[in-house]
Structures are given as C-alpha cells and as structure tokens.
Amino acid sequence: MYIQYCTSKQNGKSYTYPLLCRKYRESGKIKTEVVANLTKFPKETILAIEGALKKNKDILVSLKDIVVKKSIDYGLYLSF
C-alpha cells in the first residue's frame, strides 16, 4: 500500500489530492486499486499514514489508533 498524489486542473487551477492505493496482479497485468480517498484528512494525518506505510520509526500516530467512523466507496457507481 502507498499514498498516491493525483493532480487535476479545473478552471485554470491545479488541485492535488491524496489517495491510499494498492497494486495487485490480475491475469498477469498490474492493476491499481484505490482503497481510500484521503482528501478530507488533515495533512498531519496523511503524513503519519505515509510514514507508517514506509515503516518510519518517528511516526506521529500508530495505524492502530486511527478509527474510520464513516467511509464512502471511491469510484463506485450504482444505478437503481
């Protein structure tokens, strides 16, 4: 797992947003799955998650201490 920073341009402005992703193989091809959109998290939390994923010893928060209270599937579209 890793944090990927994506950039998009809208109305002449550039926006950067972090996504928690993982890579896996399917039928011999490498695919990327977006696990979570981290846009609404504070910068310190994103840096702490990134440090924990890189196994830094001086992280601010342990991953075990992070509790997700509400989540929305990123990229999921259902039509009823």
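Above this note sits the structure.
Keep in mind the model is a prediction, meaning the values are calculated, not measured.

## With respect to the pattern of salt bridges
Oppositely charged side chains are able to pair whenever their charged atoms sit close together. What the rule picks out here adds up to two salt bridges. When the shortest N-O distance is used, the salt bridge between glutamate 33 and arginine 22 registers 2.5 Å. Of this pair, glutamate 33 sits in strand β3 (residues 29-37) while arginine 22 sits in strand β2 (residues 13-26), and the two are eleven residues apart along the sequence. Residue classification places arginine 22 among the partly exposed residues on the basis of a relative accessible area of 34%.

## Focus: the pairing of β2
As paired strands, strand β1 (residues 2-10) and β2 are joined by nine bridges and run antiparallel to one another. By the bridge assignment, cysteine 6 is partnered in β2 with tyrosine 17. Taken together, β1 and the strand that follows it, β2, pair antiparallel across an intervening segment of two residues, in which asparagine 11 is found at a positive phi of about 55°. The sheet contact formed by β2 and β3 spans eight bridges and is antiparallel. Across the sheet, the residue bridging to leucine 20 is alanine 36, located in β3. Count of turn residues in the β2/β3 antiparallel hairpin: two residues, of which serine 27 carries a positive phi of about 55°.

Cut-offs and rules
- Residues numbered from 1 in each chain as written.
- Predicted model: local features only at pLDDT ≥ 70, side-chain atom pairs only at ≥ 80, totals over all residues.
- Heavy atoms only, no water.
- Salt bridge = Lys/Arg side-chain N within 4 Å of Asp/Glu carboxyl O.
- Helix = DSSP H or I, 4+ residues; strand = E, 2+ residues; numbered from the N terminus.
- Buried < 20%, exposed > 50% of the residue type's maximum accessible area, 1.4 Å probe, protein only.
- Pairing = 2+ DSSP bridges.

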